[in-house]
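Spelled out from the first residue to the last, the chains are:
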Amino acid sequence: MMSNMNMKSEGTINKKARSMGSIQWLFQAATGAFIIFFLGVHLYVAHINGGSPVELFDTVVGNLSNPWWLAFFLVFLWIVTYHGLNGLKGIIYETGISTRGRKGVSWAIMGVYIVSIIYGTVLSLVVAQMTIP
Amino acid sequence: MPGGNTGIIGWFNFLHKGIGFFAYAMHRISGIVIVLYLYLHFFVLSNLLRGGVTFNSLITSFTYGPYDIFIVMDILLSLVIFYHGANGIRLMLNEAGLGLKHHKLLFFVFESVAMILMLLFLYYAWQVLLSGAGV
């Protein structure tokens, strides 16, 4: 149960009980703020102003062939993956694993992050070079 | 959970624990769902490499059938994402010392605004789906 010792307010974990360090929490909050903007644009572009889903390939390739949209989606990819995996790490830490376990999780999460953003970046760059049939 | 004795399974036991616990547990559950979706999204987008015909037919099957059950999952995903975003903003404000005295009210206000925005988004996205239904 959450007690007053653990909660600054209900739903807000205090610094001692927090699963992340202060810097990581700051990054988590900052990336969260960016994601609200990025995701808003992404949802609008992909689901409202993106044309028919039947021709989605043309829309995606058309967007990514624009360097500004490509940069936008790459930054979105790096930030959203960081936010998601860092949050996951925090959740795993909250299970009360040992210090050694935390180090292992931290390295594993970092590895998954690097592989994910390399894969996503290469995929985006390759798709940006594709031609619309 | 910090200082908890119920573990992750305890997140699902909302009864008699108050709205703060609900917000806390749902933020983590929704976060895990979103991370899982992120990798599913990567997987689906990887099909772009298979070319326009294959990718469009895949998306069409998710949208207009035979696998249009995915639309229900997309709606549930919207719920999770808008919930998580609104609660995240509230947490940021609380961490900055803002709204601590009225955190329950803030929770309801932020989530209400998020749900209205979500319904607007779903309405316009649905119109786009309908416009392509006859293609």
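In short, a report on the structure. What you are looking at is a predicted structure, and each value in this text was computed from that prediction instead of being measured.

To continue, consider the overall build of chain A. Per the secondary structure count, chain A includes four helices and two strands. Counting from the amino terminus, helix and strand elements in chain A follow one another as β-β-α-α-α-α. Among the 133 residues that make up chain A, the fraction classed as buried is 47%. Residue pairs at least 24 apart in sequence account for 72% of intrachain contacts in chain A once pairs closer than 6 positions are excluded. For chain A, the accessible surface area stands at approximately 7200 Å², while carbon and sulfur atoms represent 71% of it.

Every buried residue of helix H2 (residues 56–64) of chain A is listed here: Leu56(A), Phe57(A), Val60(A), Val61(A), Asn63(A) and Leu64(A). One face of H2(A) carries all of its buried residues, which in axial projection span an arc of 160°. Looking at the buried positions of H2(A), the neighbouring elements they touch are helix H1 (22–48), helix H3 (67–93) and helix H4 (99–128) of chain A together with helix H2 (52–64) of chain B.

Right, let's get into the interface of chain B and chain A. Tallying the contact residues gives 52 residues for chain B and 47 residues for chain A. Counting each side, the surface lost to burial between chain B and chain A is near 4200 Å², with a carbon and sulfur contribution of 71%. Inspection of the chain B/chain A interface yields one salt bridge. The tally of links from chain B across to chain A stands at seven residue pairs in polar contact (both at pLDDT 80 or more). Elements that contribute at least two residues to the side of chain B that touches chain A include exactly helix H1 (18–46), H2, helix H3 (69–95) and helix H4 (103–131) of chain B.

Turning to the packing of H1(B) against H4(B), a few remarks are in order. All names here are of chain B. The contact between H1 and H4 brings their axes to 10 Å, and the two run at 50°. Here H1 lies oblique to H4, going by the angle between them. Once H1 is placed against H4, the crossing between them reads as left-handed. Residues Ile19, Phe22 and Ala23 of H1 lie in contact with H4, whose contacting residues are Lys104, Phe107 and Phe108. Residue classes in the contact of H1 with H4 are distributed as five nonpolar, no polar and one charged.

Turning next to H4(B). With 29 residues, H4(B) should cover 42 Å at 1.5 Å per step; its first-to-last C-alpha distance of 42 Å lies within 8% of that length. Of all the positions in H4(B), only His103(B), Leu106(B), Phe107(B), Glu111(B), Ala114(B), Met118(B), Phe121(B), Ala125(B), Val128(B) and Leu129(B) are classed as buried.

The relative placement of two aromatic rings is captured by the distance of their centres and the angle of their planes. This model, assessed by the stated rule, comprises 18 aromatic pairs over all chains. Between Phe72(A) and Phe76(A), the ring centres sit 6.4 Å apart and the planes meet at 40°, which makes this aromatic pair tilted. Of this pair, Phe72(A) and Phe76(A) both sit in helix H3, four residues apart, roughly one helical turn. Like Phe76(A), Phe72(A) is buried. Aromatic side chains Phe107(B) and Phe108(B) sit 5.6 Å apart centroid to centroid with 75° between the ring planes, which places their arrangement in the edge-to-face category. Grouped by ring-pair contacts, the aromatic residues Phe34(A), Phe37(A), Phe38(A), Trp69(A), Phe72(A), Phe73(A) and Phe76(A) constitute a single cluster.

So, on to the packing of H1(A) against H4(B). A packed helix pair is summarised by two numbers, namely the angle formed by the two axes and the spacing between the axes. In contact at an axis separation of 9 Å, H1(A) and H4(B) are set at 25° when each is read in the N-to-C sense. Regarding the angle of H1(A) to H4(B), the classification is roughly parallel. Side by side, H1(A) and H4(B) meet where Leu43(A), His47(A) and Ile48(A) of the first sit next to Phe121(B), Tyr124(B), Ala125(B) and Val128(B) of the second. Broken down by class, the residue content of the contact of H1(A) with H4(B) amounts to six nonpolar, one polar and no charged.

On to the environment of Asn87(B), then. Residues and elements named next belong to chain B. With respect to the helices and strands, Asn87 occurs in helix H3. The class for Asn87 is buried, based on a relative accessible area of 1%. C-alpha separation for the pair Asn87 and Ala114, spaced 27 residues apart in sequence, amounts to 9.2 Å. Setting aside chain neighbours within four positions, we find Asn87 in contact with Ala23, His27, Phe107 and Glu111. In this structure the side chain of Asn87 is engaged in a polar contact, spanning 3.1 Å, whose partner is the side chain of His27.

Position of Tyr82(A) relative to the elements: it lies in helix H3. When the C-alpha positions of Tyr82(A) and Tyr113(A) are compared, they lie 6.8 Å apart, and in sequence the two are 31 residues distant.

Moving on: the nonpolar core. Leu64(A) and Val127(A) are the most contacted members of the largest nonpolar core, which totals 34 residues. Contributions of two or more residues to this core are made by H1, H2, H3 and H4 of chain A together with H1, H2, H3 and H4 of chain B. Here this core takes eight residues from H3(A), the largest share from any one element. Discounting residues that sit within four places of it in the chain, Val127(A) has contacts with Val60(A), Val61(A), Leu64(A), Leu48(B) and Leu49(B).

Definitions and limits used
Residues numbered from 1 in each chain as written. Chains lettered and ligands numbered in written order. Predicted model: local features only at pLDDT ≥ 70, side-chain atom pairs only at ≥ 80, totals over all residues. Heavy atoms only, no water. Helix = DSSP H or I, 4+ residues; strand = E, 2+ residues; numbered from the N terminus. Buried < 20%, exposed > 50% of the residue type's maximum accessible area, 1.4 Å probe, protein only. Contact = heavy atoms within 4.5 Å. Areas by Shrake-Rupley, 256 points an atom, 1.4 Å probe, with all protein chains shown as cover. Arc of directions from axis to C-beta. Buried area = accessible area lost by both parts, 1.4 Å probe. Salt bridge = Lys/Arg side-chain N within 4 Å of Asp/Glu carboxyl O. Polar contact = N/O pair within 3.5 Å; in protein donor to acceptor, adjacent residues only side chain to side chain. Axes fitted to C-alpha atoms, helices over the stretch in contact; angles between N-to-C directions. Parallel < 35°, antiparallel > 145°, perpendicular 65-115°, else oblique. Left-handed = near helix turned anticlockwise from the far one by under 90°. Nonpolar A, V, L, I, M, F, W, Y, C, P; charged D, E, K, R; others polar. Expected span 1.5 Å × (residues − 1). Phe/Tyr/Trp six-rings, centres within 6.5 Å; stacked < 30°, edge-to-face > 60°. Core = buried A, V, L, I, M, F, W, Y, C linked by side-chain atoms within 4.5 Å.

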